[in-house]
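A structural walkthrough
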Protein chains: 2
Amino acid sequence: MALYDRVALIGLGLIASSMAHAMRQGGLCREITGHARSAETRATALEIGLCDRVFETAAEAVKGADLVVLAVPVGAMGAVAAEIAPHLERGATVTDVGSVKQAVIDAVQPHIPAGVHFIPGHPLAGTEHSGPRSGFATLFKNRWWLLTPTDTTDPAALARLRGLCEAMGANVDTMDAPHHDLVLAVTSHTPHLIAYTMVGVADHLRRVTQSEVIRYSAAGFRDFTRIAASDPTMWRDVFLTNKEATLDILGRFTEELFALQRAIRLGDGDHLHEYFTRTRAIRRGIIEAGQDTSAPDFGRVAEGATTTGKVRER
Amino acid sequence: MALYDRVALIGLGLIASSMAHAMRQGGLCREITGHARSAETRATALEIGLCDRVFETAAEAVKGADLVVLAVPVGAMGAVAAEIAPHLERGATVTDVGSVKQAVIDAVQPHIPAGVHFIPGHPLAGTEHSGPRSGFATLFKNRWWLLTPTDTTDPAALARLRGLCEAMGANVDTMDAPHHDLVLAVTSHTPHLIAYTMVGVADHLRRVTQSEVIRYSAAGFRDFTRIAASDPTMWRDVFLTNKEATLDILGRFTEELFALQRAIRLGDGDHLHEYFTRTRAIRRGIIEAGQDTSAPDFGRVAEGATTTGKVRER
């Protein structure tokens, strides 16, 4: 069932290409137009059928669209919004998929003309891969899609966008932008920075060779490298635009880490044991909430998961 | 082909129970005896066929064994070694599976009688589960098993133990104990401490509810919770016994983290982008080394992985 007539995807990376696959599979729109800065990406998008038509400029791509999805790095949102603003259809909805919400609102909202609905959004879904070939239709299945409407958001436009997200398999939740940015600083942004840091430390060590680090990565470090392999431009923009919340959580993290470090130095085993026991309970909560399974992680992706890999090739 | 006649497993958790399954599947020994402090664990071991016979004391379990595997927390190794020493068969090999090696050598070696071979070991394999029911035969398949022999280690005893590890599917590497402890501080111990810390920070926050943290854990935090769900006693002992190397790596980590934190505060996007680009290369190396696959991680275990989960139930 088509929920929109023409959807314009601005930026054709992992999220936009997954949306394209999911919308086509569900018959959720009649036509998909697209724009990416790189000619190669635009050619790929046509070749693999992500878009019906691609355009050299974002301005051309949004003409006649009733839904415009800004899927560019957070730092580029403002410029794109300024460019497309004069070409937006009256009654159209503009949404975005940025990992930070207040900064996007500050950058985009001033450009949105009267009669156009801007509803910021953030699908909590992704892999460590990027680019137009990395998308697949089930990326959003059973994942959260957070929308951050304001008091003035049009209820009908919000309901329609929510319907699209749900039709792509996502669970939708709404919250205000500052709270979104704090929650994500805890669950995503700070963990990413820490993972990047740990991988960087390993890279610097002289007494341990890189091949040793790579060989013996199974126990813990491997998960960090996957997190730290995510798109550098996207993550640079996340930290620059969610600065306050990230620095807040980082400060708490360092404080907590120093307390554990001190316990190690002083040989305070009780403190360590109590701490490690408490963190187990959170894991149980995540499994119960259906955000992961209790199947053991073998230190590698299980054989069955290659089936999933194939989805990417469609 | 039986490589040992009677193998005694002291401690019956994830590693020992996986060894039992793997040795039985490969017909690698004639008999398996076992000891665990808990009567319930001993009963389970008999019930699910991990051991042919179980004993209330480690001393009884090692009698007549030509291979003794110490699979207890690192902090308990010394006491167990003292207890079993008078009962070890001449010519037998004693090995351990502790995550730290120098501290185990210091605690165990003094008790080993003349004519008995002590060859410390560490399989780099595990899941976040523990206990006698958590083991499965393929845990060690294509994983590294590090042995830390000394100049005086008997070559024949070493070759035989290596043969057993390889027959269980592992790749064997040898190195000296201090180097092992440094490498593991980088690839495993410090990443675990950091994951525990981040999960603890999330648990403390008042402005973000625990249900929000759990719901929105897919993007990064979820991997941390899996790491931080590991056995608290084992990890307490790891940090207490690999103190120097862990504190060394932690110091470097904090230094590096502060540099990134400063770049965020100053808005130095180039620094962040350069750093995040470099860490991607390490990820590629790990995939090329076969320690993970390039299949995307969906933010949850793929459906196919449940097949693997079933292995645990055997």
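Rules and cut-offs
- Residues numbered from 1 in each chain as written.
- Chains lettered and ligands numbered in written order.
- Predicted model: local features only at pLDDT ≥ 70, side-chain atom pairs only at ≥ 80, totals over all residues.
- Heavy atoms only, no water.
- Least-squares fit on C-alpha atoms with pLDDT ≥ 70 in both.
- Contact = heavy atoms within 4.5 Å.
- pLDDT = per-residue confidence, 0-100.
- Buried < 20%, exposed > 50% of the residue type's maximum accessible area, 1.4 Å probe, protein only.
- Helix = DSSP H or I, 4+ residues; strand = E, 2+ residues; numbered from the N terminus.
- Pairing = 2+ DSSP bridges.
- Right-handed = clockwise from strand over helix to strand, strands pointing away.

The next thing to look at is the relation of the copies chain B and chain A. Each copy of the sequence occupies a distinct position, and chain B is placed on chain A by a rotation of 180° and an axial shift of 0.0 Å, giving an RMSD of 0.0 Å. Each copy turns onto its partner about a two-fold axis. Here 100% of the contact residues of chain B are again contact residues in chain A; the copies associate through an equivalent surface.

Segments scoring low in pLDDT should not have their predicted coordinates read at a detailed level. In the predicted model, chain A carries a mean pLDDT of 89, and 91% of its residues have values of at least 70. Long-range and interchain partners of residues 298-314 of chain A, a stretch whose pLDDT sits below 50, account for 37 contacts in this model, where long-range means more than four residues apart.

Residue and element names in this part refer to chain A. Counted residue by residue, strand β6 (residues 117-123) has six buried out of seven residues, so it is predominantly covered. Taken together, the four bridges between strand β5 (residues 93-96) and β6 define a ladder with parallel strand orientation. Among the inter-strand pairings, Val94 is bridged to a residue of β6, identified as Phe118. Handedness of the β5-helix α5 (residues 102-108)-β6 crossover: right-handed. Where β6 lies against strand β7 (residues 144-147), three bridges are found, and the strand directions are antiparallel. By the bridge assignment for β7, Pro123 is matched with Trp145.

With that settled, the discussion passes to the side chain of Thr190(A). Examined against the element boundaries, Thr190(A) turns out to sit in helix α7 (residues 177-204). The residues contacting Thr190(A), other than those within four sequence positions of it, are Ala185(A), Thr246(A), Ile249(A), Leu250(A) and Met198(B).

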